[in-house]
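What the coordinates show
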Amino acid sequence: MKAAVVGASGYVGGELLRLLLRHPRVESLQAVSARAAGEPVARVHPNLRKSTALAFDPPEALRPSDVLFAAVPHGESAPRMAEWMASARRVIDLGADFRLRAADRYPEYYGFEHPRPELLAGAVYGLPELHRAALASAPVVAGPGCMAAASILALAPLARAGVIDPEHVVVDTKTGSSASGAEPGPAGAHAERSGAMRLYSPAGHRHTAEIEQETGCRVAMSCHGVEAVRGVLATCHAYVRAPVTEKELWRIYRAAYADEPFVRLVHEASGVHRVPEPKILSGTNYCDIGFAADPHAGRVVAVAALDNLGKGAAGNAVQCWNAAEGFPETLGLEFPGLHPI
Amino acid sequence: MTECPECEATIEPKPMIPGEIFSCADCGAELEVTTTEPFEVQTAPKEAEDWGE
């Protein structure tokens, strides 16, 4: 099949190229970037040296494709979606422009009026674990935010099982610097970022909207930046309607994820890696989920870890494409990660 | 076939003898084989700080 990546010079774009260059169903691949047009791909993404001789094409040179992956900043997909849909049979947008079904939440969380609200209803929220059946017929797939993906995968089984109070859920996230993207800014300067444990969003983070949409919970979210390049750790605190045991939690999470290829339950009694942590997930498409009952506080702690560029973005987008096309869902995504790293 | 008393994971019979200890593949709990016909396990006793005194 023919695949195109628009916004291919960013970190998510580079990760998409890395995965698609080795995907067995991709016959031709186009890398599109306004910023890096004419440059060899491997000059911007040095890990791809000797993997590809591709150069970035300018946006006006976009060719027809079977699937177009868009990795452009929020607000840039919606005005271009009609053009992309005319060019590709399926568009997988990794930005936020088609994640929310309610157009009126865009001014509140993203600061713009949605220019194509009529297209929102046809977009499917791109988490195969929640919306697999709808992906096949979706012309537009909206990839989740990285912290939202982790939080939703941790919380959705609890919400569906009805064991938590949906009005009182707290999500606390830690994330690495690559989540800020490849564009330089003062907050990302080494002197500012190195060694930081920064609460950069105490309340009102924009991923709140999609977590609420997908879980049905009212979410209080706080987000921290930490000393890492890749990785998201989402620690979710939910208060239970009635006491719940760890065995019940095992049942709830097994029912949700036992057959999922990229969700692993990590809740071990001993050893170094008893709960999920993002470090060992770098470069993978896994989301590791752990949990604990806290009867003292009437609480369940649900924790999810993933690579923000993997299951939090590019890897998940390729998984969505695999699911939509009826390919084996793990195709091109088998990398098990590194340990130690 | 039996299940882990800690997390209810399915555990296939193993070529072990009563008293042997192994870890549950899902939750990592230490399990002790109690009988082999049928194959049954219990959570392995933990030694307390006073060594059982």
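Procedures and definitions
- Residues numbered from 1 in each chain as written.
- Chains lettered and ligands numbered in written order.
- Predicted model: local features only at pLDDT ≥ 70, side-chain atom pairs only at ≥ 80, totals over all residues.
- Helix = DSSP H or I, 4+ residues; strand = E, 2+ residues; numbered from the N terminus.
- Expected span 1.5 Å × (residues − 1).
- Bend = angle between axes of the 7 residues up to and from the residue.
- Buried ≥ 20, exposed ≤ 12 C-beta atoms within 10 Å, placed from the backbone.
- Pairing = 2+ DSSP bridges.
- Axes fitted to C-alpha atoms, helices over the stretch in contact; angles between N-to-C directions.
- Core = buried A, V, L, I, M, F, W, Y, C linked by C-beta atoms within 7 Å.
- Domains from an automatic or database assignment.
- Contact = placed C-beta atoms within 7 Å.
- Nonpolar A, V, L, I, M, F, W, Y, C, P; charged D, E, K, R; others polar.

**A word on helix H10 (residues 310–325) of chain A**
Residues and elements named next belong to chain A. With 16 residues, H10 extends just 20 Å between its outermost C-alpha atoms, more than 12% less than the 22 Å of an ideal straight helix rising 1.5 Å per residue. Considering bend angle alone, the principal kink of H10 is centred on Asn 316 and spans about 50 degrees. Of all the 16 residues making up H10, 15 are buried; the element is thus mostly covered by neighbouring parts of the structure. Immediately downstream of H10, the backbone of Gly 326 shows phi near 80 degrees, a positive value.

**Some points on the sheet that holds strand S10 (residues 232–240) of chain A**
Residue and element names in this part refer to chain A. With mixed pairing, seven strands are arranged side by side in an open sheet as S8-S9-S7-S10-S13-S12-S11. The open sheet has two edge strands, strand S8 (198–201) and strand S11 (263–265), and neither has a second partner. Sheet twist, expressed as the average angle between the axes of neighbouring strands with direction ignored, equals 25 degrees. Of the pairings in the sheet, the one linking strand S7 (residues 164–175) to S10 comprises eight bridges and is antiparallel in character. Bridged to Val 171 within S10 is Cys 236.

**Brief notes about the nonpolar core**
All names here are of chain A. Core analysis: the largest hydrophobic core is formed by 104 residues, its most contacted members being Val 5, Phe 69 and Ala 150. If one sorts the elements of this core by residue count, helix H6 (residues 146–161) sits on top with 11 residues. Both domains that furnish three or more residues to this core are identified here as domain 1 (2–144 + 311–325) and domain 2 (146–308). What Ala 150 contacts, discounting residues up to four positions off in sequence, is Val 232, Ala 234, Cys 287, Ala 304, Ala 305, Leu 306 and Gly 312.

**Observations concerning the interface of chain B and chain A**
Contacts between the two partners involve six residues from chain B, matched on the other side by nine residues from chain A. Classifying every residue of the side of chain B that touches chain A gives three nonpolar, one polar and two charged.

**A word on the environment of A:Tyr11**
Residue and element names in this part refer to chain A. Here Tyr 11 is to be found in helix H1 (residues 11–21). Expressed as a C-alpha distance, the spacing of Tyr 11 and Ala 182, which sit 171 residues apart in the sequence, is 6.0 Å. When residues no more than four places from it in sequence are discounted, the contact partners of Tyr 11 are Ser 178, Gly 181, Ala 182 and Leu 309.

**Here's the deal with the domain arrangement of chain A**
Residue and element names in this part refer to chain A. The domain boundaries assigned to chain A delineate domain 1 (2–144 + 311–325) and domain 2 (146–308). The C-alpha centroid of domain 2 is placed 24 Å from the C-alpha centroid of domain 1. Across the boundary between the two partners, domain 1 contributes 20 residues, which contact 25 residues of domain 2. Those elements giving two or more residues to the side of domain 1 that touches domain 2 turn out to be helix H4 (105–110), helix H5 (128–135) and H10. Looking at the side of domain 1 that touches domain 2, the element that brings in the most residues is H10, giving six residues. Looking at the side of domain 1 that touches domain 2 residue by residue, the class counts come to 10 nonpolar, five polar and five charged.

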